[in-house]
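A closer look at the structure
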Amino acid sequence: MEKKELINSGKVKSVYSCEDDDKVIIEFRDDMTAGDGARKEVMDNKGSLNAIISTKIFRVLEENGIKTQLVDLPEKNVMVAKKLEMIPIEVIVRNIATGSLVRKYPFEDGTPLDPPLVQMDFKDDEYHDPMLNDSIAKALKIATQEDLDKLKELALKVNEALKEFFDKAGIILVDFKIEFGKDADGEIILGDEISPDSCRLWDKETLDMLDKELFRKGKDNEVIDAYIEVYNRIMTDEEKEKYDM
Ligand code: C5P
């Protein structure tokens, strides 16, 4: 499928229209950003690693009955996806308290959260993605109560499936961010990506970080190796042969 017009260029992905009106082509670029885009680097293979990892994870979620935007991965860094009307909400699920949660609230870093905590942030760079509650989301008219309930329900389902999936790969799923959109029928579908850019992943034995937090902490030279480690642990031998990363 050929790219047509650029619909949206985000910090690390570009979305294009294609001949099929109900699909889009998402190109995962090699850009890496942190701090609302304040810091930006280009890292070889990063786009492909994220697209391949995200595709694998979306397939795992589909097997668990969760609908995703994924249609196909025709090239290592190019995903064909269902066209969705994206909801400007970042749904964050946390199994362990760390990151912005411990900066804003009196949680001790590393405290397990059971049940997991679901948080929603308004996706808006100008306002620095402020945290939402149901009243604010409804007043902003970005979601109905029914939508919000569905987002929380789906986010917890994603968490359950991925906690188990990563655990088998010797990885702790600490927290992650997901985004949803509505398809032409108004059904809420998981979109965007799930990759080491959008998750905190810790090695089960050493608690070493295997995700974008390394970049946030300035350990730029360790980032790609960490993403490759995640790739190596979650892909089957057959998949590794196919993608040859
Ligand atoms: O920074 P914070 O602790 O709020 O991040 C929680 C989780 O959401 C982390 O896994 C982080 O990678 C992810 N996140 C993201 N995009 C954002 C904000 C957070 O992927 N804009």
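Report follows, based on the coordinates. (Residues numbered from 1 in each chain as written. Predicted model: local features only at pLDDT ≥ 70, side-chain atom pairs only at ≥ 80, totals over all residues. Heavy atoms only, no water.)

**Re the overall build of the protein chain**
- Secondary structure summary: the protein chain contains 7 helices and 13 strands in total.
- A compact globule built from 245 residues should have a C-alpha radius of gyration of about 18 Å, and the protein chain, at 17 Å, falls within 12% of that.
- In terms of principal-axis extent, the alpha carbons of the protein chain reach across some 50 × 45 × 35 Å.
- Here the protein chain holds 245 residues, and 51% of them are scored as buried.
- Contacts spanning at least 24 positions in sequence make up 55% of the contacts within the protein chain whose residues lie at least 6 apart.
- Approximately 12,400 Å² of the protein chain is accessible, and the part contributed by carbon and sulfur atoms is 46%.
- A gap of 2 Å separates the mean positions of the 37 positive and 56 negative side-chain charges of the protein chain. (Helix = DSSP H or I, 4+ residues; strand = E, 2+ residues; numbered from the N terminus. Rg over C-alpha atoms; globule rule 2.2 N^0.38 Å. Buried < 20%, exposed > 50% of the residue type's maximum accessible area, 1.4 Å probe, protein only. Contact = heavy atoms within 4.5 Å. Areas by Shrake-Rupley, 256 points an atom, 1.4 Å probe, with all protein chains shown as cover. Lys, Arg positive; Asp, Glu negative; His and termini not counted. Charge placed at Lys NZ, Arg CZ, Asp CG, Glu CD.)

**Structural notes on the site of the ligand**
- Close to the ligand lie 15 residues; Arg94, Ser100, Asp175, Arg200 and Arg216 are nearest.
- The separation between an oxygen atom of the ligand and a polar side-chain atom of aspartate 175 is 2.6 Å.
- Arginine 200 has a polar side-chain atom sitting 2.9 Å from an oxygen atom of the ligand.
- Going through the elements one at a time, strand E9 (89-96), strand E11 (171-182) and strand E13 (199-203) are the ones with two or more residues in the shell around the ligand.
- Split by residue class, the shell around the ligand holds 3 nonpolar, 4 polar and 8 charged. (Near = heavy atom within 4 Å. Polar contact = N/O pair within 3.5 Å; in protein donor to acceptor, adjacent residues only side chain to side chain. Nonpolar A, V, L, I, M, F, W, Y, C, P; charged D, E, K, R; others polar.)

**Here we look at the packing of aromatic side chains**
- Per the stated rule, a full pass over the model turns up 1 aromatic pair.
- Above the face of the tyrosine 16 ring, lysine 3 is positioned so that its terminal group lies 4.7 Å from the ring centre. (Phe/Tyr/Trp six-rings, centres within 6.5 Å; stacked < 30°, edge-to-face > 60°. Lys NZ or Arg CZ within 6 Å of the ring centre and 35° of its normal.)

**Considerations on the environment of leucine 140**
- Inspection of the secondary structure puts leucine 140 in the loop between helix H3 (134-139) and helix H4 (145-168).
- Residue class for leucine 140 comes out partly exposed when judged on its relative accessible area of 41%.
- Sequence separation between leucine 140 and phenylalanine 122 is 18 residues, and the spatial gap between their C-alpha atoms is 9.7 Å.

**Quick word on the pairing of E11**
- For E11, a buried count of 10 out of 12 residues is recorded, marking the element as mostly surrounded by other parts of the structure.
- Of the strand pairs in this sheet, E9 and E11 are connected by 4 bridges, and their pairing is antiparallel. Note on E11: the bridge partner recorded for valine 91 is isoleucine 178.
- Of the pairings in the sheet, the one linking E11 to E13 comprises 5 bridges and is antiparallel in character. Note on E13: the bridge partner recorded for phenylalanine 176 is cysteine 199.
- Joining the antiparallel neighbours E11 and strand E12 (residues 188-191) is a turn of 5 residues, in which glycine 186 adopts a positive phi near 85°. (Pairing = 2+ DSSP bridges.)

**Brief notes about the packing of helix H1 (residues 46-63) against helix H6 (residues 220-234)**
- At their nearest, the axes of H1 and H6 sit 10 Å apart, and the two run at 30° to each other. If you check the angle between H1 and H6, you find them roughly parallel. In the crossing of H1 with H6, the sense of the turn from one axis to the other is left-handed. Taking contact as the criterion, the partners of Lys46, Leu49, Asn50, Ile52, Ile53 and Lys56 in H1 are, on H6, Ile224, Tyr227, Ile228, Val230, Tyr231 and Ile234.
- When grouped by side-chain class, the residues that make up the contact of H1 with H6 number 9 nonpolar, 1 polar and 2 charged. (Axes fitted to C-alpha atoms, helices over the stretch in contact; angles between N-to-C directions. Parallel < 35°, antiparallel > 145°, perpendicular 65-115°, else oblique. Left-handed = near helix turned anticlockwise from the far one by under 90°.)

**Section: a negative patch on the surface**
- Residues Asp237, Glu238, Glu241 and Asp244 make up a contiguous surface patch of negative charge.
- With respect to the helices, strands and loops of the structure, aspartate 244 is situated in the segment after helix H7 (237-243). (Patch = residues over 30% accessible without salt bridge, like charges linked within 9 Å, V, L, I, M, F, W, Y side chains within 5 Å. Salt bridge = Lys/Arg side-chain N within 4 Å of Asp/Glu carboxyl O.)

**With respect to the environment of lysine 150**
- Here lysine 150 lies in helix H4.
- Given the relative accessible area of 35%, lysine 150 is considered partly exposed.
- Between the alpha carbons of lysine 150 and isoleucine 188 there is a distance of 7.8 Å; along the sequence they are 38 residues apart.

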